[in-house]
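Commentary on secondary and tertiary structure
Given next are the chains, with one letter for each unit.
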Amino acid sequence: MSLHAPEFFTELCLPFHDHAVVGNTYYAAPVPGTPLRLRIDFTRTIHADTYGGLRVAVVHPDRGEIDAVALSFVDHGTFHRRDEATNTRPNTKQYGTFDTYHRPGRPPWDGAVTTGLRDAIEKYTAVWFPGAWAASASKRAAGRTSRSTPAPPVAPTGAARSR
């Protein structure tokens, strides 16, 4: 069954303009013109078709994977509200995870709060792609403007000043 990965990564609100979701993996070029890329995958648990977090990696096209970090859903509070509401206990298969089985019309990660994951990804990418987060966010914000703002009037050059 589908993990609805494009929707999950959209919910993360990652600011990178140059990105794509292929299968269940997110790829991005946070800094244009450099060879380093960002790859984010879902991490599997010991249970079939069950996922417990994200694996964020920096990849070089010639050297392969340079660095990676695992971000668990439990450590980042992704399913804390859902698990508390359903009284799901720690050390059970369902706690802090999601699987490919879900209610019709709902994603398998229904109930996820992605703020903690997003913050962790921002901190990690700041190490490998300094300034990319802010640069991508400002480009995206600038692209959202539907009308151009007129420039402020410029004082004529050579105008006489009063003394």
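Quick notes on the rules
Residues numbered from 1 in each chain as written. Predicted model: local features only at pLDDT ≥ 70, side-chain atom pairs only at ≥ 80, totals over all residues. Heavy atoms only, no water. Helix = DSSP H or I, 4+ residues; strand = E, 2+ residues; numbered from the N terminus. Buried < 20%, exposed > 50% of the residue type's maximum accessible area, 1.4 Å probe, protein only. Contact = heavy atoms within 4.5 Å. Core = buried A, V, L, I, M, F, W, Y, C linked by side-chain atoms within 4.5 Å. Pairing = 2+ DSSP bridges. Expected span 1.5 Å × (residues − 1). Arc of directions from axis to C-beta. Salt bridge = Lys/Arg side-chain N within 4 Å of Asp/Glu carboxyl O. pLDDT = per-residue confidence, 0-100.

Helices and strands together make up the secondary structure of the chain, namely four helices and six strands. Its helices and strands in sequence order give the chain the pattern α-β-β-β-β-β-α-β-α-α, from N to C terminus. Sorting the 163 residues of the chain into buried and exposed places 34% on the buried side. If you take every contact in the chain between residues at least 6 apart in sequence, the share linking residues at least 24 apart comes to 49%.

Counting 30 residues, the largest nonpolar core has F8, I40, F42, L54 and I121 as its most contacted members. Within the residue set of this core, elements represented by two or more residues are α1 (5-12), β2 (25-28), β3 (37-44), β4 (50-60), α3 (115-128) and α4 (132-144). Sequence-distant contacts of I40, that is, excluding residues within four places in its chain, are made with F9, L14, N24, T25, Y26, L54, R55, V56 and I121.

Okay, the pairing of β2 next. With four bridges connecting them, strand β1 (residues 19-22) and β2 associate as antiparallel partners. Note on β2: the bridge partner recorded for V21 is Y26. Counted along the chain from β1 to the antiparallel partner β2, the turn is two residues long, and its residue G23 has a positive phi close to 65°. With three bridges joining them, β2 and β3 adopt antiparallel strand pairing. The residue of β3 that forms the bridge with Y27 is R39.

Here the focus is the pairing of β3. The buried count for β3 comes to six of eight residues, which makes it a mostly enclosed element. Where β3 folds back onto β4 in an antiparallel hairpin, the turn is made up of five residues, including D49, whose phi is positive at roughly 55°.

Another aspect to go through is α3. When the terminal C-alpha atoms of α3 are compared, their 20 Å separation across 14 residues agrees well with the 20 Å that a helix rising 1.5 Å per residue should span. All buried positions along α3 are accounted for by L117, A120, I121, Y124 and T125. Projected down its long axis, α3 shows its buried positions confined to an angular sector of 130°, all on one face.

In this section: α1. Taken together, the buried positions of α1 are occupied by A5, F8, F9 and L12. Seen from one end, α1 has its buried residues packed into an arc of 90°, which puts them on one side. Elements in contact with the buried residues of α1: β1, β2, β3, β4 and α3. A positive phi of about 55° marks C13, the residue just after α1.

Another aspect to go through is the environment of W109. For W109, the position within the fold is in the loop between β6 (98-99) and α3. Along the sequence, W109 and T97 sit 12 residues apart, while their C-alpha atoms lie 8.2 Å from each other. Leave out the neighbours within four places in its chain, and W109 touches L3, H4, E7, F8, E11, F79 and F98.

Next up on the list: the pattern of salt bridges. With the rule as written, the count across this model stands at five salt bridges. Between R82 and D83 there is a salt bridge; the shortest N-O distance is 2.8 Å. It is possible to trace a salt-bridge network through shared partners that takes in R39, D41, R55 and E65.

Moving on to the confidence of the model for the chain. In this model, the chain carries an average pLDDT of 83, and 82% of its residues clear a pLDDT of 70 or more. Per-element averaging of pLDDT across the chain places α4 at the bottom with 56 and strand β5 (residues 64-72) at the top with 97. With pLDDT under 50 throughout, residues 139-163 is counted as low confidence; its partners more than four residues away or in other chains account for five contacts.

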